[in-house]
Amino acid sequence: MARDLPIGNGNVLINFDAAYNIRDMYYPLVGQENQSSDHLSHFGVWCEEEFFWIDHPEVSQNLNYLEDSLVTNTICSHDRLGLSLNFRDGVDVQQNVFLRKVSVENRFDTERQIKLYFHLDLQIYGNGIGDTIFF
């Protein structure tokens, strides 16, 4: 299946789908060790009115990169709730580190509390019986 927005450094490859969900996390061998096994990882937003995942039908996504880079510049907007989120995701070029910066814009005139949820469904070196992790 094609992925809409890949980022990586040669050792780490992270693929986003059209709704800006993380679909693949390859490490340490890109193309071989998929640590998510195509399990969907979500990003959620809670505000006083309701909670929603970033792939909710009311959320519009504009998926792009910053110019001349493998850093995402994605804007997700929920017009009814008056929220706009700007995502900058990248993988460090020297360290095998995935970084995410989220800027939230509240388009309502009142101050609100916003909570962000980052959900990963990893299958680290998994098989049909279970997962394992080691240092």
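Residues numbered from 1 in each chain as written. Predicted model: local features only at pLDDT ≥ 70, side-chain atom pairs only at ≥ 80, totals over all residues. Heavy atoms only, no water.

**Student:** Explanation requested: the nonpolar core in the structure shown.
**Tutor:** Most often, soluble globular proteins have nonpolar side chains that are buried together. In terms of nonpolar packing, the biggest core is built from 20 residues, with Ile-14, Phe-16 and Phe-87 touching the most fellow members. Of all the secondary-structure elements, those providing two or more residues to this core are strand E1 (5-8), strand E2 (13-16), strand E3 (22-26), strand E4 (43-46) and strand E8 (83-91). Ranked by residues supplied to this core, first place goes to E8 with 4 residues. Beyond its immediate stretch of four places on either side in the chain, Ile-14 contacts Leu-5, Pro-6, Ile-7, Ile-22, Asp-24, Met-25, Val-91 and Phe-98. (Core = buried A, V, L, I, M, F, W, Y, C linked by side-chain atoms within 4.5 Å. Buried < 20%, exposed > 50% of the residue type's maximum accessible area, 1.4 Å probe, protein only. Helix = DSSP H or I, 4+ residues; strand = E, 2+ residues; numbered from the N terminus. Contact = heavy atoms within 4.5 Å.)

**Student:** When you look at the sheet that holds strand E5 (residues 51-53) in this model, what are you seeing that I'm missing?
**Tutor:** Whenever strands of a sheet pair, they do so through backbone hydrogen bonds, lying parallel or antiparallel. Reading across the sheet, the 3 strands line up as E5-E4-E10 and stay open at both edges, with antiparallel pairing between neighbours. One side of each edge strand has no neighbouring strand; the edge strands of this open sheet are E5 and strand E10 (115-118). This sheet shows a mean twist of 20° between the axes of neighbouring strands, independent of strand direction. Pairing of E4 with E5, which is carried by 3 bridges, proceeds in the antiparallel orientation. Its bridge partner being in E5, Val-45 is matched across the sheet by Phe-52. (Pairing = 2+ DSSP bridges. Axes fitted to C-alpha atoms, helices over the stretch in contact; angles between N-to-C directions.)

**Student:** Before we go on, may I ask you to explain the packing of aromatic side chains in this structure?
**Tutor:** The geometry of an aromatic ring pair comes down to the distance between the two centres and the angle between the two planes. Inspection of every chain in the model, using the stated rule, returns 6 aromatic pairs. Ring plane angle 55° and centroid distance 5.2 Å describe the contact between Tyr-20 and Phe-87, whose orientation is recorded as tilted. A residue pair is termed long-range when its members are at least 10 positions apart, and Tyr-20 in the loop between E2 and E3 and Phe-87 in strand E8 qualify at 67 residues. According to the relative accessible area criterion, Phe-87 is buried, its value standing at 0%. Judged by centre distance (5.6 Å) and plane angle (75°), the ring pair of Phe-51 and Tyr-117 falls under edge-to-face. Of this pair, Phe-51 sits in strand E5 while Tyr-117 sits in strand E10; the two residues are 66 residues apart in sequence, bridging distant segments of the chain. (Phe/Tyr/Trp six-rings, centres within 6.5 Å; stacked < 30°, edge-to-face > 60°.)

**Student:** Any chance you could explain the side chain of Ser-36 here in plain terms?
**Tutor:** Within the fold, Ser-36 resides in the loop between E3 and E4. A polar atom in the side chain of Ser-36 sits 2.8 Å from the backbone oxygen of Arg-23. Ignoring sequence-local partners within four residues, the contact set of Ser-36 consists of Arg-23, Asp-24, Met-25, Asp-121 and Gln-123. (Polar contact = N/O pair within 3.5 Å; in protein donor to acceptor, adjacent residues only side chain to side chain.)

**Student:** Teacher, can you tell me more about the side chain of Ser-41 here?
**Tutor:** In this fold, Ser-41 is placed in the loop between E3 and E4. Among the polar contacts listed, one links the side chain of Ser-41 to the backbone nitrogen of Asp-121, at a separation of 3.1 Å.

**Student:** Help me understand the sheet that holds E3, please; the structure alone is not making it clear to me.
**Tutor:** Sheet architecture is open: 3 strands sit in the order E1-E2-E3, paired in antiparallel fashion. Edge positions in the open sheet fall to E1 and E3, since each of these has one partner strand only. Across the sheet, the axes of successive neighbouring strands diverge by a mean angle of 15°, strand direction being ignored.

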